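# An overview of the molecular structure
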Amino acid sequence: QVQLVESGGGLVQAGGSLRLSCAASGRTFSSYVMGWFRQAPGKEREFVAAVSPSGGSKYYADSVKGRVTISRDNAKNTVYLQMNRVKPEDTAVYYCAADMRPGLLVGRTYEYWGQGTQVTVSS
């Protein structure tokens, strides 16, 4: 039911920055927990970051803490992932996800997923 479209990926040098965006359809975006995941070549999908419906709570994977900021603009139905000081190991397809159920940000599952956007970090 919820449509998610990621954008902002591309090629970036190690140490650089980029911002990913995820645009969502629907009237109830402000009630969704939003998350970002990534999948590197030959590896399983891993959690990156999540934000509560109001934007007041955030949770990050240990691998990206200090380098990544998740945020949202409910008026624009959009969630962002700001990535700084990127590393070659950040190379992956990045996916946006949404879930309407309240509760903890840690360890939750998500109902809706975007198609992904490629991020490639050159060494």
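To keep things clear, this report deals only with the structure shown in the data block. As the structure is a prediction and not an experimental result, all values here were calculated from the model.

With that settled, consider the packing of aromatic side chains. According to the stated counting rule, one finds 5 aromatic pairs in the structure shown. For the pair phenylalanine 37 and tyrosine 110, a centre-to-centre distance of 5.4 Å together with 80 degrees between the ring planes defines the contact as edge-to-face. Taken together, the residues span a long stretch of sequence, with phenylalanine 37 in strand 4 (residues 33–39) and tyrosine 110 in the loop between strand 9 (92–99) and strand 10 (112–113) at a distance of 73 residues. You can call tyrosine 110 buried: its relative accessible area is 8%. Counting every residue linked through ring pairs, the aromatic cluster contains Phe37, Phe47, Tyr59, Tyr110 and Trp113. One cation-aromatic arrangement involves arginine 45 over phenylalanine 37; the distance from NZ or CZ to the ring centre is 5.5 Å. Over the ring of phenylalanine 29 we find arginine 72, and its NZ or CZ is 4.6 Å from the ring centre.

Calculation notes
Numbering of residues starts from 1 in each chain and follows the order in which that chain's sequence is written. Owing to the predicted nature of the model, reporting of local features is limited to residues with pLDDT of at least 70; listing and counting of side-chain atom pairs is limited to 80 or more, with chain, interface and lining totals taken over all residues. Values reported for side chains reflect all heavy atoms of the structure, with hydrogen atoms and water molecules removed beforehand. Side-chain rings of Phe, Tyr and Trp (the six-membered ring for Trp) are treated as a pair once their centres are within 6.5 Å; stacked means planes under 30 degrees apart, edge-to-face means over 60, and tilted covers the remaining angles. Numbering goes from the N terminus for both helices and strands, where a helix is a DSSP run of H or I of at least four residues and a strand is a run of E of at least two. A 1.4 Å probe rolled over the protein chains alone gives each residue an accessible area, and that area as a share of the maximum for its type sets the label: buried under 20%, exposed over 50%, partly exposed in between. Criterion for a charge above a ring: Lys NZ or Arg CZ within 6 Å of the ring centre, and within 35 degrees of the ring normal.

Fair warning: the whole summary comes from geometry, so function is off the table for now.
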